[in-house]
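Summary of structural features
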Amino acid sequence: MADKAIGGTATKRARKAVAGDPGEGTVTTARHKTSTTTGHAATTTRNHTPVGTGARGGAESVDPAELPVRPGEDPWTSAEVAELHAELNDELERLRAEIEAAEAAITGLMRDSNDGAGDDQVDAGTKNINRESELALANNARDSLAQAERALARLEGVGFGVCESCGQAVGKARLQAFPRATLCVSCKAKQERR
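Residues numbered from 1 in each chain as written. Predicted model: local features only at pLDDT ≥ 70, side-chain atom pairs only at ≥ 80, totals over all residues. Heavy atoms only, no water.

The next point concerns the environment of S144. Among the structural elements, S144 can be located in helix α4 (residues 121-156). The spacing of S144 and E91 is 53 residues in sequence and 9.1 Å in space, taken between C-alpha atoms. With residues near it in sequence (within four places) discarded, S144 still touches L95 and R180. For S144, the side chain forms a polar contact with the side chain of R180, separated by 3.2 Å. (Helix = DSSP H or I, 4+ residues; strand = E, 2+ residues; numbered from the N terminus. Contact = heavy atoms within 4.5 Å. Polar contact = N/O pair within 3.5 Å; in protein donor to acceptor, adjacent residues only side chain to side chain.)

Quick look at empty space enclosed by the protein now. For the coordinates displayed, the defined rule picks out one cavity of 30 Å³ or more. Reported here for the largest cavity is a volume of approximately 40 Å³. Surrounding the largest cavity, A151, R154, G159, F160, G161, V162, P179, R180, A181 and T182 form its lining. Split by residue class, the lining of the largest cavity holds five nonpolar, three polar and two charged. (1 Å grid on protein atoms, 1.4 Å probe; cavity = no way out; pocket = protein on both sides within 12 Å on 5 of 7 lines; lining within 4 Å. Points joined across faces, edges and corners; volume = space filled by probe spheres on them. Nonpolar A, V, L, I, M, F, W, Y, C, P; charged D, E, K, R; others polar.)

Ranked by internal contacts, the top residues of the largest apolar core, which has 23 residues, are L67, W76, V81, L155, F160, C163 and L175. Looking at this core, the elements that each hand over two or more residues are α3 (78-113) and α4. (Core = buried A, V, L, I, M, F, W, Y, C linked by side-chain atoms within 4.5 Å. Buried < 20%, exposed > 50% of the residue type's maximum accessible area, 1.4 Å probe, protein only.)

Moving on, we come to a negative patch on the surface. There is a patch of like negative charges on the surface, built from E83, E87, D90 and E93. Along the polypeptide, E83 turns up in helix α3. On the accessibility criterion, E83 (55% relative accessible area) is exposed. (Patch = residues over 30% accessible without salt bridge, like charges linked within 9 Å, V, L, I, M, F, W, Y side chains within 5 Å. Areas by Shrake-Rupley, 256 points an atom, 1.4 Å probe, with all protein chains shown as cover. Salt bridge = Lys/Arg side-chain N within 4 Å of Asp/Glu carboxyl O. Lys, Arg positive; Asp, Glu negative; His and termini not counted. Charge placed at Lys NZ, Arg CZ, Asp CG, Glu CD.)

The next thing to look at is the pattern of salt bridges. For the structure shown, the criterion picks out seven salt bridges. Two residues, E80 and K172, come together in a salt bridge whose shortest N-O distance is 2.8 Å. Of the two residues, E80 sits in helix α3 while K172 sits in helix α5 (residues 172-177), which places them 92 residues apart along the sequence. In this structure K172 comes out as buried when scored by relative accessible area, which is 8%. The closest approach of N and O atoms between R96 and E149, which form a salt bridge, is 3.2 Å. Of this pair, R96 sits in helix α3 while E149 sits in helix α4, and the two are 53 residues apart along the sequence.

Scored by pLDDT, the protein has a mean of 73; 65% of the residues are at 70 or more. Here helix α2 (residues 9-18) is the element of the protein with the lowest mean pLDDT, 34, and helix α6 (residues 185-193) is the one with the highest, 93. Taken as a whole, residues 1-56 scores under 50 in pLDDT and shows 84 contacts with residues more than four places along the chain or in a different chain. (pLDDT = per-residue confidence, 0-100.)

Turning to the layout of surface pockets, a few remarks are in order. Put simply, the second largest pocket is a space of about 200 Å³. A146, Q147, R150, A151, R174, F178, R180, A181, T182, L183, K188 and Q191 are the residues that line the second largest pocket. Elements with a contribution of two residues or more to the lining of the second largest pocket: α4 and α6. The dominant element in the lining of the second largest pocket, judged by the number of residues it contributes, is α4, at four residues.

This is the structure:
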């Protein structure tokens, strides 16, 4: 976390380190989960696509004419693409700060949980609920971060605005409201009915 506070130097180095690997574009980050019954941390890994590794390289190089739209929608403009790109970058910064704050809170809760020698059941239960809540918030932020990174990589590369299920356009209005969307409205509705 200290490296991220210094401006992401370690993250940038990690991206450069994997640039020549066959798995180009993936950075493995450790994710810690703590069991409430044992109190031990187990590390799992998750692949994240780093931001800015798309084939095009940024909002200014994205051709708005290449982005798909649904019938009846106006084509994308350069200003709309730049706004979407800036929104995704802002969301990445916000989510990284949220994850950092949640991890600091989890560290504090883990440190304090060892200090409960004289706690009754209610105090111990409250500590467990607080810890589980912070873990859930951190995991949700990590998932959102991965989605935002993927959306930005698709915007800068290939495939942004195309439904991953049916291959049709997701829709300009849907992407402006929720830039991380990967499914069109009808495919998302089908997914939620399952």
